[in-house]
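Working through the structure, step by step
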Amino acid sequence: MNYDKRKARQYFARNNQVPEAFRRQTVPFRTAEVPGTIIIDGNQHFLYLVQPGGQAIRYGIGVGREGFGWAGIVRVGAHGRVADLDAAGRDGRARSERGKMGRRHAGRT
């Protein structure tokens with residue numbers, strides 16, 4: 001699939017949604033990676049979340065200029081504790097630190 005930013009923007013302007021190919025969907029995906037692995041295909045503008053049974057959940061992504069400057073495999077492991085994230089993606093520690101900031105910073109995240 002060839003990505004054309006101009007056509008994608010025109011489609012969104014007409015339909016108020018992204019093209020179907022870039023919506024979340026389960027697709028056949030052959031890889032030696034284990035389920036749970038994230039694979040990014042920046043050239044095609046897709047992110048794949050590997051699932052069992054030769055499947056992946058595919059998401060359309062935007063790739064900035066810097067994203068085209070790297071290639072290869074990067075392994076990211078857990079470092080330290082796994083954050084307890086709230087619905088907005090903030091961890092519990094950040095919430096408790098905000099409580100200590102005082103009135104001057106109230107409402108800022």
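Our subject is the structure that appears above.
If you're wondering where the values come from, they're calculated on a predicted model, not measured in any experiment. Numbers given to residues run from 1 along each chain, matching the order in which its sequence is written. Totals for whole chains, interfaces and linings use every residue, but because this is a predicted model, local features are given only for residues with pLDDT of at least 70 and side-chain atom pairs only at 80 or more, for both listing and counting. Heavy atoms throughout the structure, all of them, feed into the side-chain values; hydrogens and water do not.

1. Here's the deal with the pairing of strand 2 (residues 38–41)
For clarity, the threshold we go by: Paired strands are those between which DSSP finds at least two bridges. Numbering of helices and strands runs from the N terminus; a helix is a DSSP stretch of H or I covering at least four residues, while a strand is a stretch of E covering at least two.
As defined by bridge partners, strand 2 adjoins strand 3 (residues 46–51) across 4 bridges and the pair is classed as antiparallel. Counterpart to Ile39 in the pairing with strand 3 is Tyr48.

2. Brief notes about the sheet that holds strand 2
Counted only if it meets this: All axes are obtained by fitting lines to C-alpha atoms, using only the stretch in contact for helices, and the reported angles, taken between N-to-C directions, cover 0 to 180 degrees.
Reading across the sheet, the 4 strands line up as 1-4-3-2 and stay open at both edges, with antiparallel pairing between neighbours. The open sheet has two edge strands with one neighbour each: strand 1 (25–28) and strand 2. The average undirected angle you get between the axes of adjacent strands in this sheet is 35°. Note: strand 1 against strand 4 (residues 55–60), 4 bridges, orientation antiparallel. Looking at strand 4, one finds that Val27 is bridged to Ala56.

3. Side note on the environment of Glu33
Let me state the cut-off plainly: The criterion used for residue contact is that any of the two residues' heavy atoms lie within 4.5 Å.
Within the secondary structure layout, Glu33 lies in the loop between strand 1 and strand 2. In the structure, Glu33 is positioned 19 residues away from Pro52 in sequence and 10.0 Å away in space, judged by C-alpha atoms. Residues contacting Glu33, with those up to four places away along its chain left out, are Ile39, Val50 and Arg75.

4. Section: the packing of aromatic side chains
One pair of aromatic rings is described through two measures. These are the centre distance and the angle between the planes. Condition: Aromatic contacts are taken between Phe, Tyr and Trp rings whose centres are within 6.5 Å, Trp giving its six-membered ring; a plane angle under 30 degrees counts as stacked, one over 60 as edge-to-face, and the others as tilted. The cut-offs for exposure are 20% and 50% of the maximum accessible area for each residue type, with area from a 1.4 Å probe on protein chains only; residues under the lower value are buried, those over the upper are exposed, and the others partly exposed.
What the rule picks out here adds up to 3 aromatic pairs. Here Phe22 and Phe46 contribute two aromatic rings whose centre-to-centre distance is 5.2 Å and whose plane-to-plane angle is 20°, an arrangement assigned as stacked. With a gap of 24 residues between them, Phe22 in the loop between helix 1 (5–15) and strand 1 and Phe46 in strand 3 connect regions that are remote in the sequence. Using a relative accessible area of 15% as the deciding quantity, one classes Phe22 as buried. By relative accessible area, Phe46 is classed as buried at 3%. Pairing Phe29 with Tyr48 gives two aromatic rings, centres 4.4 Å apart and planes at 20°, and the pair type is stacked. On the criterion of sequence distance, the pair formed by Phe29 in the loop between strand 1 and strand 2 and Tyr48 in strand 3 is long-range, its members being 19 residues apart.

5. Quick word on the side chain of Thr37
Basically, it comes down to this: Polar contact is the term for a pair of N or O atoms within 3.5 Å; when the atoms are in protein, one must be able to donate a hydrogen and the other to accept it, and sequence-neighboring residues count only if both atoms are side-chain atoms.
Along the chain, Thr37 falls in the loop between strand 1 and strand 2. A polar side-chain atom of Thr37 sits 2.7 Å from the main-chain carbonyl oxygen of Val34. Leaving out residues up to four positions away in the same chain, Thr37 has contacts with Tyr48, Leu49 and Val50.

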